[in-house]
Amino acid sequence: MKPYLMIEWNDSKTDAVGWVCVYNLVDGYCDGGIRMHSNVTKEEVQRLATVMAWKHEACKPHSSGGCKAGIRYDYKAPDAEEVLERFIVAMMPMIDVGVSLAGDLGVPYSTTRRIYAKYGREIPLTKTMKQNKQILENMRTYNHMLESEVQGFTLNNCITGFGVAWSADEAWKIKHGGKKGRVFIQGFGCVGASCAHKLVELGYTIVGVSDALGVVEDQNGLDIAELIANKNNFGEMDRSKFKPSYKTMPNTDWLNVDCDILIPAALEDVINKDNAGKVTASLVVEGANIATTAEADEIFKEKGVDVVVDFVANLGAVRAYHSVIFGNLEHDGQAVLDDIEGVCRGNTRKLFETCEKEGMFQREAAYKIFEPSTSDPFEI
Ligand code: NAD
């Protein structure tokens, strides 16, 4: 199946370029985030929209189509929010019929909500959904719930990272049993930091973390609570608070840190043909979308590295959205998290069981198990 729709946008005031790709629609609806960084490409947006379609399928019974948007612009630029606003305005005709665009890398969910509110919109919905009082009420409750506090995070900032940690724990237990492994996490934003927190709670040692500014390593274990307490809103750690035992290095050296479990939770294509051979971990759990290239997968197959693929591990936010807005889940943060734990652990088990039974590599098995079956037209 090819993507249903791909649209390009050129900003009228800057050199920003953006794209929206709708992979498929379920009952005229699709959901995905808007990312912003200086190197976003059309191809990246299409690959991410595809992953979203599979991720929604992995969240069944509550499912939607997959879409993604990307803006090639520096998310730290002083006018980044104005660029985002102009992009959202350009895409409003599609948003109004059910292309639900929220936050992603470089674009906080709260900012998209603020822009929608400025133009009199809430979460984008189809015509049928807008006429459903229960959905409208659930949507408001959902937005409120996302701001609630869970173990020092907002629910919004931990639903995906906790799910990645539960998937990692499940895969590690299947492959290695009781003794917990040493973990390296690339990225210390919403996903990376909350994943690190949950893994520490589950008994793992985080031996290294990297952010946009560099890598920090301690084979005896980093103090994750302290690093989280001192990070800024861009997910950057405060170097002045590092302990004397911490070793620092440039973030290009991230694969020099010896570990058992590697969790990319920042950017796309970071494990590729040039560096996959350096991976020391026996398990890779993809917190970030499309973190591993096809060439790197081939190297992993030869080395025997197991992978929990992106749309299996990082579906927490998508699952929460579906289960609260369209499902019958109790409107309670703990119920949402319990549900995500069940889905992440269950899908990870299903993935590894299929690989075991059919002798397949995890990515191939995941694409087979969770292939989306629906592609409806827009509801006008
Ligand atoms: P974020 O913006 O909160 O954090 C990004 C982190 O990556 C920051 O710590 C940043 O410093 C770091 N980073 C940037 N460049 C880096 C580099 N070159 N080396 C190392 N670290 C670098 O983003 P997030 O919400 O945590 O999302 C991270 C990834 O997870 C993205 O790919 C996103 O698409 C994916 N994802 C996020 C969610 C979610 O709910 N937030 C859900 C599914 C997938």
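As the structure is a computational prediction, the values presented were derived from the model and not from experiment.

(A) Looking closely at the packing of aromatic side chains. Within the structure shown, the criterion is met by 14 aromatic pairs. Here Trp54 and Tyr367 contribute two aromatic rings whose centre-to-centre distance is 5.1 Å and whose plane-to-plane angle is 50°, an arrangement assigned as tilted. On the criterion of sequence distance, the pair formed by Trp54 in helix H1 (residues 42-58) and Tyr367 in helix H13 (residues 362-369) is long-range, its members being 313 residues apart. Judged by relative accessible area, Trp54 falls into the buried class, the value being 8%. With centroids separated by 6.2 Å and ring planes inclined at 45°, the aromatic side chains of Phe184 and Trp254 adopt a geometry described as tilted. A residue pair is termed long-range when its members are at least 10 positions apart, and Phe184 in strand S8 (residues 182-186) and Trp254 in the loop between strand S11 (247-249) and strand S12 (261-264) qualify at 70 residues. Here Phe184 and Trp254 have matching classes, each one buried. Cluster of aromatic residues (ring-pair linked, three or more members): Tyr23, Trp54, Phe311, Tyr367 and Phe370. Geometry around Phe234 places Lys76 over its ring, the cationic atom sitting 5.0 Å from the centre. Over the ring of Phe162 we find Lys198, and its NZ or CZ is 4.5 Å from the ring centre.

(B) Examining the nonpolar core more closely. Core analysis: the largest hydrophobic core is formed by 106 residues, its most contacted members being Ile123, Leu199, Leu262, Ile263, Ile271, Val285 and Phe300. The two domains that each donate at least three residues to this core are domain 1 (5-56 + 64-131) and domain 2 (157-369). Excluding its chain neighbours within four sequence positions, the residues that come into contact with Ile123 are Tyr29, Ser100, Tyr109, Met139, Tyr142, Asn143, Tyr321 and Ile325. Ala16, Ala80, Met91 and Ile115 belong to the second-largest nonpolar core, a separate cluster that totals 27 residues.

(C) Quick look at the side chain of Ser323. Along the chain, Ser323 turns up in helix H11 (residues 316-325). In this structure Ser323 comes out as buried when scored by relative accessible area, which is 3%. In this structure the side chain of Ser323 is engaged in a polar contact, spanning 2.8 Å, whose partner is the backbone oxygen of Arg319. Polar side-chain contacts of Ser323 include one of 3.3 Å to the backbone oxygen of Ala320. Every residue in contact with Ser323, bar those within four places of it in the chain, is listed here: His62, Asn328, Leu329 and Asp339.

(D) Local environment of the domain arrangement of the protein chain. Assigned domains within the protein chain: domain 1 (5-56 + 64-131) and domain 2 (157-369). Just the C-alpha atoms count here: the centres of domain 1 and domain 2 sit 25 Å apart. Taken together, the 21 residues of domain 1 in the interface contact 19 residues of domain 2. Summing both partners gives a buried area of about 1700 Å² for domain 1 against domain 2, and 63% of it is carried by carbon and sulfur. It is Arg47, Trp54 and Lys55 that lose the most area in domain 1 upon contact with domain 2, and together they represent 34% of the buried surface on that side. Joining domain 1 to domain 2, the criterion identifies three salt bridges. Measuring nitrogen to oxygen at the nearest pair gives 2.9 Å for the salt bridge that ties Arg35 to Glu268. Run the count over domain 1 and domain 2 and you get eight residue pairs in polar contact (both at pLDDT 80 or more). Of all the secondary-structure elements, those providing two or more residues to the side of domain 1 that touches domain 2 are strand S3 (30-37) and H1.

(E) Representation of helix H7 (residues 190-201). The first and last C-alpha atoms of H7 sit 17 Å apart over twelve residues, in line with the 16 Å expected at 1.5 Å per residue. For H7, the complete set of buried residues consists of Val191, Gly192, Ala193, Ser194, Cys195, Ala196, Lys198 and Leu199. Of the surrounding elements, those touching the buried residues of H7 are strand S7 (153-154), helix H6 (159-176), S8, strand S9 (205-211), helix H8 (224-229) and S12. The positive-phi residue at the C-terminal boundary of H7 is Gly203, with phi of around 100°.

Analysis parameters
Residues numbered from 1 in each chain as written. Predicted model: local features only at pLDDT ≥ 70, side-chain atom pairs only at ≥ 80, totals over all residues. Heavy atoms only, no water. Phe/Tyr/Trp six-rings, centres within 6.5 Å; stacked < 30°, edge-to-face > 60°. Helix = DSSP H or I, 4+ residues; strand = E, 2+ residues; numbered from the N terminus. Buried < 20%, exposed > 50% of the residue type's maximum accessible area, 1.4 Å probe, protein only. Lys NZ or Arg CZ within 6 Å of the ring centre and 35° of its normal. Core = buried A, V, L, I, M, F, W, Y, C linked by side-chain atoms within 4.5 Å. Domains from an automatic or database assignment. Contact = heavy atoms within 4.5 Å. Polar contact = N/O pair within 3.5 Å; in protein donor to acceptor, adjacent residues only side chain to side chain. Buried area = accessible area lost by both parts, 1.4 Å probe. Salt bridge = Lys/Arg side-chain N within 4 Å of Asp/Glu carboxyl O. Expected span 1.5 Å × (residues − 1).

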